[in-house]
Amino acid sequence: MENNLNLYNTLTKKVERFVPGEDGKVKMYTCGPTVYHYAHIGNLRSYIMEDVLEKFLRFSGYDVKRVMNITDVGHLSSDADTGEDKMLKGAKREHKTVMEIAKFYTDAFMKDCAKLNIRTPDVVEPATNCISDFIHMIEVLMEKGYAYQAGGNVYFDTSKLEEYYVLSNQNAEELAVGVRESVEEDTNKRSKTDFVLWFTKSKFEDQELKWESPWGVGYPGWHIECSAISMKHLGGTLDLHCGGIDNVFPHHTNEIAQSESYLGHKWCNYWFHVLHLNDSTGKMSKSKGDFLTVSLLEEKGYEPLVYRMFCLQSHYRKPLVFTYEALDNVAVAYGKLVARIAALGQGKVTQTGKDAVEKDGGAGLEEGALLAANPAVDQEKLTEFRAQFLEAMNGDLNTSSGLTVLYDMLKSEADDVTKRAAVAMFDEVLSLGLLAAAERMKEEKSGAGMDAELLSFIEAKIAERKEAKKAKDFARADAIREELAAKGIAIKDTREGTVWEKM
Ligand code: AMP
Ligand code: ZN
């Protein structure tokens, strides 16, 4: 185990050493998306940084079990349990059923995650699969006196807790001032901070999905789903709970309240929150202005992994402002990085390594392990690079320092085979698809897959230009350069002769 990870914990408001509970296994829970619309790139910032955290824990030697819910019921327009159900809103907008909407946007979310190299959590559980688990938990909360029925709904009674705001700095007064414009007073609540566990009476009578319960036909509140789904798959203690910063209150505050009341003990040790991505107007939105999605970025010609790199360049605990200018800069940096990796020699040595590993019964190893097992790799150097990367990332998941280690490694005196192995090693965590992008770049430059007619045209023109230059006909040589440029081919004279590449 190489774990010296220091992580900011929202619960203690301190950076502290991350120590999981049992035998090095990390139980990790992530609040999943509400699948009523596409995820915006702000949502995806949270999932990218959580993915880095998960992969870094694995990289450090932990066995991680990660669970994520899919919110397909219960999340109302306001996080404070008022307004229409977001799923129903989505269904109305698109004239589809709630389940059709849920399926469509769950698939869309998974596709976006795949494009961003976000690993699918070990368990992905839609809330609508777990209604009986929610009902059971609410029953126990009722029995223990932590919940009450009023006006047809079941509420959690926050007055029963010694401390409710364990995660946030909020206090009852601040809340009373009214933090959200859309919050309507729910007169059924005994205290302002009480929240709904089960709805049977909503102003919106046309709620599509409803289930039988001891309190009448209805549907669960949003907060209960994360507590119950986490416990269903990870048991009664949790090492790490993640989400965007907006989840701290009320969602995670309520999760802690109900989970610990149900369990009778502390539930989760570390709370990891990602600060928001904002656009230049302020908050990222699905309804106003440019609805920034991965597909929109692709339409505008950006490779999705450039957005991942954009996120990795800044710390997860700092707000990040999205602009196309900033993304353009990252696109250039990503291209240069890939070009640098593409220029690393690999020769036949990789094949030797591959053969050695396969002979050892190591076929099917991850690319990083395969490259590292290459006998030509300087293992001492590789270990040194690994230690530098661990040290950088151990400082509260400092991904921009992790990237700096990558750049420094490429600049170092190490040999190319060792550098390639180090790229693969770092990319187990960074997941920027660097070696694959480098291979693609090399193929494109060598003209693989290019039209044979164009290839022989390029060769003929380069030969013709060589003759023109020999004859000191520089005007003709320049004209040939222009002719090739018109076909998207750039040429460069080097000591080894004229080389070309696609522009
Ligand atoms: P939702 O689909 O609204 O339940 O949100 C999915 C995840 O995205 C949650 O973890 C939110 O906290 C997070 N999130 C929402 N808005 C942003 C944002 N602008 N930047 C980063 N994360 C966000
Ligand atoms: Zn949640």
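Nothing here was measured: the structure is a model prediction, and the numbers come from that model.

Chemist: Account for the overall build of the chain, with residues named and values stated.
Modeler: Check the secondary structure of the chain and you find 18 helices and 18 strands. Once the C-alpha set of the chain is aligned to its principal axes, its extents read approximately 95 × 50 × 40 Å. Long-range pairs, those at least 24 residues apart, make up 74% of the contacts in the chain with a sequence separation of at least 6. Total accessible area computed for the chain in this model is approximately 22800 Å², and 51% of it derives from carbon and sulfur atoms. The chain carries 62 positive and 79 negative side-chain charges, and their two centres are separated by 4 Å.

Chemist: Run through the packing of aromatic side chains, naming residues and quoting values.
Modeler: For the coordinates displayed, the defined rule picks out 24 aromatic pairs. Seen from their ring centres, Tyr-165 and Phe-249 are 5.8 Å apart, and the 35° between their planes marks the pair as tilted. Of this pair, Tyr-165 sits in the loop between strand 9 (153-156) and helix 5 (172-177) while Phe-249 sits in helix 7 (residues 248-263), and the two are 84 residues apart along the sequence. Relative to Trp-215, the ring of Trp-198 lies with its centre 6.1 Å away and its plane at 50°, an arrangement referred to as tilted.

Chemist: Got a sec to walk through the pairing of strand 3 (residues 25-30)? Specific residues and values, please.
Modeler: Most of strand 3 is tucked away, with five of its six residues classed as buried. Alignment of strand 3 against strand 4 (residues 63-70), held across six bridges, turns out to be parallel. Bridge pairing in strand 4 places Lys-25 opposite Asp-63. Regarding topology, helix 1 (residues 41-59) serves as the crossover connection from strand 3 to the parallel strand 4, and that connection is right-handed.

Chemist: Pulling in residues and values, what's your account of the coordination of the zinc ion (ligand 2)?
Modeler: Protein-derived coordination of the zinc ion (ligand 2) comes from Cys-31 (SG), Cys-226 (SG) and His-251 (NE2), at a distance range of 2.0 to 2.1 Å. Positions of the donor residues of the zinc ion (ligand 2), expressed as sequence spacing, correspond to C-x194-C-x24-H. With Cys-226 in helix 6 (residues 222-234) and His-251 in helix 7, this residue pair connects regions lying 25 residues apart in the sequence. Judged by relative accessible area, Cys-226 falls into the buried class, the value being 0%.

Chemist: Please give an account of the sheet that holds strand 14 (residues 277-279) that cites residues and values.
Modeler: Spatial strand order, 15-14-16: three strands in an open sheet with mixed pairing. Each edge of the sheet is formed by a strand with only one pairing partner; in this case those strands are strand 15 (282-283) and strand 16 (320-322).

Chemist: Go over empty space enclosed by the protein with me, naming the residues and quoting the values.
Modeler: Scanning the model with the defined rule gives three cavities of 30 Å³ or more in all. In this structure, the largest cavity occupies an estimated 60 Å³ of space. For the largest cavity, the full set of lining residues is Tyr-47, Arg-66, Met-68, Phe-109, Met-110, Cys-113, Ile-118, Arg-119, Thr-120 and Pro-121. Elements supplying a minimum of two residues to the lining of the largest cavity: strand 4 and helix 3 (98-115).

Chemist: Requested: an account of the sheet that holds strand 13 (residues 268-274), with residues and values cited.
Modeler: Strand pairing in a sheet relies on backbone hydrogen bonds. The paired strands run either parallel or antiparallel. The strand order 7-4-3-12-13 describes an open sheet built from five strands, whose pairing is parallel. On the outer flanks of this sheet lie strand 7 (123-126) and strand 13, each paired with one strand and no other. Along the sheet, successive strands turn relative to each other by an average axial angle of 20°, direction set aside. Seen against the sheet, helix 7 touches strand 12 (238-244) and strand 13 and runs at an angle of roughly 170° to strand 13.

Chemist: Tell me about the side chain of Lys-27, and please be specific about residues and values.
Modeler: Looking at where Lys-27 falls in the secondary structure, it is placed in strand 3. Polar contacts involving the side chain of Lys-27 include one to the side chain of Thr-237, which spans 3.0 Å. Among residues more than four places away in sequence, those in contact with Lys-27 are Glu-22, Lys-65, Leu-234, Thr-237, Leu-238, Asp-239 and Leu-240.

Chemist: Any details on the pattern of salt bridges? Residues and values, ideally.
Modeler: A side chain of one charge can pair with a side chain of the opposite charge when the charged atoms of the two come close. Going through the model one piece at a time under the given rule, you end up with 29 salt bridges. Glu-94 is the partner of Lys-96 in a salt bridge, and the nearest nitrogen-oxygen pair spans 3.7 Å. Note that Arg-190 is salt-bridged to Asp-157, the shortest N-O span being 3.4 Å. One end of the pair, Arg-190, is in the loop between helix 5 and strand 10 (195-199); the other, Asp-157, is in the loop between strand 9 and helix 5, and 33 residues separate them in sequence. Judged by its relative accessible area of 57%, Arg-190 is exposed. The exposure class assigned to Asp-157 is buried, which follows from its relative accessible area of 2%. Each of Glu-50, Glu-54, Arg-58, Arg-66, Arg-119 and Asp-122 takes part in one network of salt bridges that share partners.

Chemist: Mind laying out the site of ligand 1, listing which residues take part and the relevant values?
Modeler: Taken together, 17 residues lie near ligand 1, and Thr-34, Gly-42, Ser-46, Asp-246 and Leu-277 sit nearest. Between ligand 1 and Asn-43 there is a distance of 3.0 Å, counted from an oxygen atom to a side-chain nitrogen or oxygen. Here an oxygen atom of ligand 1 and a backbone polar atom of Gly-244 are 3.0 Å apart. In isolation ligand 1 exposes 490 Å². Once the protein is present, 94% of that is buried. Within the residue set of the shell around ligand 1, elements represented by two or more residues are helix 1 and strand 12. In terms of residue count, the dominant contributor to the shell around ligand 1 is helix 1 (four residues). For the shell around ligand 1, the per-class residue count stands at five nonpolar, eleven polar and one charged.

Chemist: Would you mind going over the nonpolar core in detail, with residue names and values included?
Modeler: By size, the foremost hydrophobic cluster in this structure holds 95 residues, and its most contacted members are Leu-240, Tyr-307 and Leu-406. For this core, the element with the most residues is helix 1, which contributes ten residues.

Chemist: Lay out the environment of Asp-239 in plain terms, naming residues and giving numbers.
Modeler: With respect to the helices and strands, the residue Asp-239 is situated in strand 12. Overall, Asp-239 belongs to the buried group, its relative accessible area being 3%. Taking the C-alpha atoms as reference points, Asp-239 and Tyr-38, 201 residues apart in sequence, are found 30 Å from one another. With residues up to four places along the chain from it excluded, the contact list for Asp-239 reads Phe-18, Pro-20, Gly-21, Lys-25, Val-26, Lys-27, Cys-268, Asn-269 and Tyr-270.

Chemist: Tell me about unusual backbone geometry, residues and numbers included.
Modeler: Across the chain, the bulk of peptide bonds are trans and the bulk of non-glycine residues have phi less than zero. The peptide bond linking Phe-249 to Pro-250 adopts the cis configuration, its omega dihedral lying at 5°. In this structure, Pro-250 sits in helix 7. For Lys-13, which is not glycine, the phi torsion reads 60° and is therefore positive. Relative to the helices and strands, Lys-13 resides in the loop between strand 1 (6-9) and strand 2 (14-17).

Rules used in this analysis
- Residues numbered from 1 in each chain as written.
- Chains lettered and ligands numbered in written order.
- Predicted model: local features only at pLDDT ≥ 70, side-chain atom pairs only at ≥ 80, totals over all residues.
- Heavy atoms only, no water.
- Helix = DSSP H or I, 4+ residues; strand = E, 2+ residues; numbered from the N terminus.
- Contact = heavy atoms within 4.5 Å.
- Areas by Shrake-Rupley, 256 points an atom, 1.4 Å probe, with all protein chains shown as cover.
- Lys, Arg positive; Asp, Glu negative; His and termini not counted.
- Charge placed at Lys NZ, Arg CZ, Asp CG, Glu CD.
- Phe/Tyr/Trp six-rings, centres within 6.5 Å; stacked < 30°, edge-to-face > 60°.
- Buried < 20%, exposed > 50% of the residue type's maximum accessible area, 1.4 Å probe, protein only.
- Pairing = 2+ DSSP bridges.
- Right-handed = clockwise from strand over helix to strand, strands pointing away.
- Donors = N, O, S within 2.8 Å, 3.2 Å for Na, K, Ca; no water.
- 1 Å grid on protein atoms, 1.4 Å probe; cavity = no way out; pocket = protein on both sides within 12 Å on 5 of 7 lines; lining within 4 Å.
- Points joined across faces, edges and corners; volume = space filled by probe spheres on them.
- Axes fitted to C-alpha atoms, helices over the stretch in contact; angles between N-to-C directions.
- Polar contact = N/O pair within 3.5 Å; in protein donor to acceptor, adjacent residues only side chain to side chain.
- Salt bridge = Lys/Arg side-chain N within 4 Å of Asp/Glu carboxyl O.
- Near = heavy atom within 4 Å.
- Nonpolar A, V, L, I, M, F, W, Y, C, P; charged D, E, K, R; others polar.
- Core = buried A, V, L, I, M, F, W, Y, C linked by side-chain atoms within 4.5 Å.

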